[in-house]
Amino acid sequence: MSEYLSVDASGRASSSNVHKLSGQPTPPSSTSTLLLQQRETALRKPHNLKREPLVFFIMRLNLKAVLLLLTVAVMVITLGIYMRCAAFSFSPDFVRQLSRRQTYDTLASSAAGQDLLSSPLQDIECAINQEYSIHCKRDENANEVYVPFSFLRQYFDVSGAVTTGGSSGSEAAKFNWMHSNAKVNLPKGKYDPRGVFMYFENYNVEVRDRVKCISAAEGVPVSTQWEKRGYFYPTQIAQFALAHYSKNLTEQTPRIHILEDADSNQMEWNTPKTSNLTRIWHHKFNTSIVQFETTIGYESAISIQLNQTQDLVLSVDLLLVTNSSSLMVTVLNRDTKHSYNLHYLAAELLLSVQESNIYYGLGAGSLNKWRHITRDLHIDLQKGIVMGDKRSPLKVRRSDLEVLSIAFLGIGFYDNITLSTSDHLAHFYDAAEWFVHNQDMKTGGWTNPVRRSLNGFAELRPGWISAMGQGHAISVLARAYWHSGGDMRYLKAASLGLQPYRIYSRDGGVLAQFMDKYYWYEEYPTTPASYVLNGFIYSLLGLYDLNSTAPGKIAREAGKLFAQGMHSLKKMLLLYDTGSGTSYDLRHLSLGVAPNLARWDYHATHVNQLLLLATIDSDPLIAQTAERWKGYMFGKRAKHN
C-alpha cells in the first residue's frame, strides 16, 4: 500500500490511500487523521507575527543568484581597471591559452564540436603542383595545413631530427631543421704545404665501406668503389696518406709499448720442445734480432701472452723464410667473448676468412726479405668480419678489443715488436712508397685500372688518369720529400707527376680547354670535357704544394701550371653558381643537358676549397663566392628580379 499526500486549492491538505493491487480506497487510520488536523490548524494561524531580520531574508535567496551577481561585479571591476591602465596587456601565451579555452568550451557545448575535439587535426589531400597528391593534416581553427616532413625532406633536399635537450632529458624535445647537414671547415690560418692538408685530419679512409681492406703486402687501402673484387685507387690511397699525415700533426703523441727488440727489451716467449728461439747479432743492422723455427701445427708456435686493451696498432720487422711461415695475432672481443686469429702469411692473398681465422697475404715476393709491417688490428678484424658475413656484419668497437697473444710459425726472423695507440707516419710512408713504385714511368701518371662510366659521356677504359689523383699524389710526395729531409725518390716521382697536366685528355693526359681559351685539369678525362670542380681544385693544391717545397726548376714548372689553373678558375667559377647551390660539373654546357647539381657534401667541399684558396690568393672573388655559397647551406638564395 502507498500513501500520497496532496494539497487542495485552499491550501488544505488531504490524504488518500490507494491499494496497489485493486486501486480501491481504504479508511484512514487514526494516526493519519491526527497529523492532518495539526497541519490544518497550523495553516489557519493568523499572520500577525513579528517581521524577521534582514539577514535571514538574504539567506533565503537563491544561492545561484548571489554567485551570478558576484561574478558580474568582478568582471565589471576588472574591465574598469583594464580600461584605465593603457600600458597593461596580457601576455600573448595567456591570450592564446584563453582563446583556445574559449574555443574548447564552445566546441564542447555542441555535438559537432565534440567530434572535432576528439580529432583536432583533420585529414586533407594536398595536391602537389597539380601532379600528384599526398596525405596532410589541417587545423581549421588556426588556418594551418601540416605537410609530412618525410615529403619535405625529399622535395626540398633538407634534413631534420627530433632531439631531447639535456642529459637528464628535462628539457622539452625539439625538432632541428637543417638545410644542409654538411660541415664547413674554416681555415685556422694560411694554408701550409708542409702542414695539415685541408681538414683531412677528420678523414678515416680505412673505415669506409668501399674500402675492402688495407693490403698487407702494400700497406694501403684496396677499393671496391667501381669494382667489387678490389683494386688500388690512387685518389683513395693519397687521401689515406694525407689523413694520417694530418693526424700525426693534430693528435697527441701516441703511446708505444715495446714488446721485443732483442736487446734491452726482451719477452719470455713460450717455446714448445719441438721449436727453437734464439737471439743473434745482425752485422748489417748492427743490432740483435730474434730467430725462430717451429714444426708444422699451431701447437708448435712460439708465442707470448698479452692483455693489451688500448694499444691496437702492431708494428714488427719481419723476414719469413718458407711459405708455411706466418705471424698470428689472437684478439678477443670482450663484448661477445669471441676470439679471432689474424694470420699474416707469405702468400699472394688479399683477404680470406674461415670461421674465426682471418688471413692477410704479405705477397709471394715477401720471402727472404725484411719487411716493416704496421697493422691496425681493429681495422683488420673489422674488415675480416665484414668479409665473413656481408649481410649483417658485426660492428666491433675498438674499446671492446683485447690482444691476447702474438705467435710465430715456420722459419724466420723478427725484431722491434711494438703495440701502440697509433702509428700515422708509418701509414703515410707506406702510401708514399706505393706512389714511388707504381707510377707509369712513360706518362708520369698513376693509372686507374677500372672502367668508369659517367652518364652522357664516353666510358673511360682501364688505364685512365685523374687530375685529382695526380694532385693528391703530388701533395703526398711533396710532404714526404720535405719530412724525410730530402729523399730524392719522392721529389723525382712528384716532378714526373706533372707531365699529364701538359697533355690533353684525348692523348692520355688530364688537360682540357674551355671555349678554346681556359685550361682545365680534368678529374675524369671524358669526351667531351666534364669540368668537375672539386677535382680541379684538388689538382691545383698539389701543384701549389710542389711549388712551395721543391727546388728550382721543378718549383717553377709547378708554379706555372698552378697560375694557369687559377686564372681559369677565376674566369669559370661563377658558371657553377645556381643561386641556391652549386653544380658538380659543367655537363649542362658540354652536353646541353640539365645541370648536375652538387650534393650538399660536395657543395661543402667547394666552400671549404675556396676558403682555403682565399688564404693564398687575395682576389676578393674567391672569398666572396665562398661566403655566398656558404649561405646557400643555411637556406639563403640569390635574389630574383
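Computed from a predicted structure; not experimentally measured.

Reading the values: rules and limits
- Residues numbered from 1 in each chain as written.
- Predicted model: local features only at pLDDT ≥ 70, side-chain atom pairs only at ≥ 80, totals over all residues.
- Heavy atoms only, no water.
- Disulfide = S-S within 2.5 Å.
- Helix = DSSP H or I, 4+ residues; strand = E, 2+ residues; numbered from the N terminus.
- Buried < 20%, exposed > 50% of the residue type's maximum accessible area, 1.4 Å probe, protein only.
- Expected span 1.5 Å × (residues − 1).
- 1 Å grid on protein atoms, 1.4 Å probe; cavity = no way out; pocket = protein on both sides within 12 Å on 5 of 7 lines; lining within 4 Å.
- Points joined across faces, edges and corners; volume = space filled by probe spheres on them.
- Pairing = 2+ DSSP bridges.
- Axes fitted to C-alpha atoms, helices over the stretch in contact; angles between N-to-C directions.
- Contact = heavy atoms within 4.5 Å.

Colleague: Help me understand the state of the cysteines, please; the structure alone is not making it clear to me.
Modeller: Every disulfide links exactly two cysteines, by a covalent bond between their sulfur atoms. This structure, assessed with the given rule, holds one disulfide. In this model, cysteine 126 is linked to cysteine 136 through a disulfide, with the two sulfur atoms separated by 2.2 Å. Of the two residues, cysteine 126 sits in strand 3 (residues 122-128) while cysteine 136 sits in strand 4 (residues 132-139), which places them 10 residues apart along the sequence. We classify cysteine 136 as buried; its relative accessible area is 1%.

Colleague: Help me understand helix 12 (residues 533-549), please; the structure alone is not making it clear to me.
Modeller: Residues three or four positions apart in an α-helix share a direction because the helix packs 3.6 residues into each turn. Taking 1.5 Å of rise per residue, the 17 residues of helix 12 would be expected to cover 24 Å, and the 25 Å separating its terminal C-alpha atoms lies within 8% of that figure. Summarising burial for helix 12: 15 of the 17 residues are buried, a large majority.

Colleague: Where do I start with the layout of surface pockets in this structure?
Modeller: It is a probe the size of a water molecule, rolled over the atoms, that shows where empty space is left. By volume, the largest pocket amounts to about 950 Å³. Lining the largest pocket we find 34 residues, and of these Arg210, Arg599, Asp601, Tyr602 and Thr605 sit closest to its centre. Going through the elements one at a time, helix 7 (234-250), helix 12 and helix 15 (600-613) are the ones with two or more residues in the lining of the largest pocket. Element by element, the count of residues in the lining of the largest pocket is highest for helix 15, at five residues.

Colleague: I'm lost on the sheet that holds strand 16 (residues 338-345) in this one. Help?
Modeller: Adjacent strands of a sheet form backbone hydrogen bonds with each other and so pair up, either parallel or antiparallel. Strand order in this open sheet of six strands is 13-20-15-16-18-17, and the pairing throughout is mixed. A strand with exactly one partner marks an edge of an open sheet, and here the two such strands are strand 13 (302-308) and strand 17 (352-354). Strand-to-strand, the axes of this sheet are offset by a mean angle of 20 degrees, without reference to chain direction. As defined by bridge partners, strand 17 adjoins strand 18 (residues 357-361) across three bridges and the pair is classed as antiparallel. Looking at the pairing, valine 353 lines up with isoleucine 358 of strand 18. Sheet strands in contact with helix 8 (residues 377-388) are strand 15 (326-333), strand 16, strand 17, strand 18 and strand 20 (401-409), and its direction is about 110 degrees off that of strand 18.

Colleague: Looking at this model, I keep getting lost on helix 15. Mind explaining?
Modeller: Relative to the 20 Å expected for 14 residues at 1.5 Å per residue, helix 15 spans 20 Å between its end C-alpha atoms, a close match to the ideal helical length. Counting buried residues in helix 15 gives 12 out of 14 residues, a clear majority hidden from the surface. Against helix 12, helix 13 (552-572) and helix 16 (620-632) lie the buried residues of helix 15.

Colleague: When you look at the sheet that holds strand 3 in this model, what are you seeing that I'm missing?
Modeller: The strand order 3-4-5 describes an open sheet built from three strands, whose pairing is antiparallel. Two strands bound the open sheet, and with one partner strand each, they are strand 3 and strand 5 (144-146). Recorded for the sheet is a direction-independent mean angle of 45 degrees between the axes of neighbouring strands. By the bridge criterion, three bridges tie strand 4 to strand 5 in an arrangement that is antiparallel. Of the residues in strand 5, the one forming a bridge with arginine 138 is valine 145.

Limitation: the analysis is restricted to geometry and does not speak to function.
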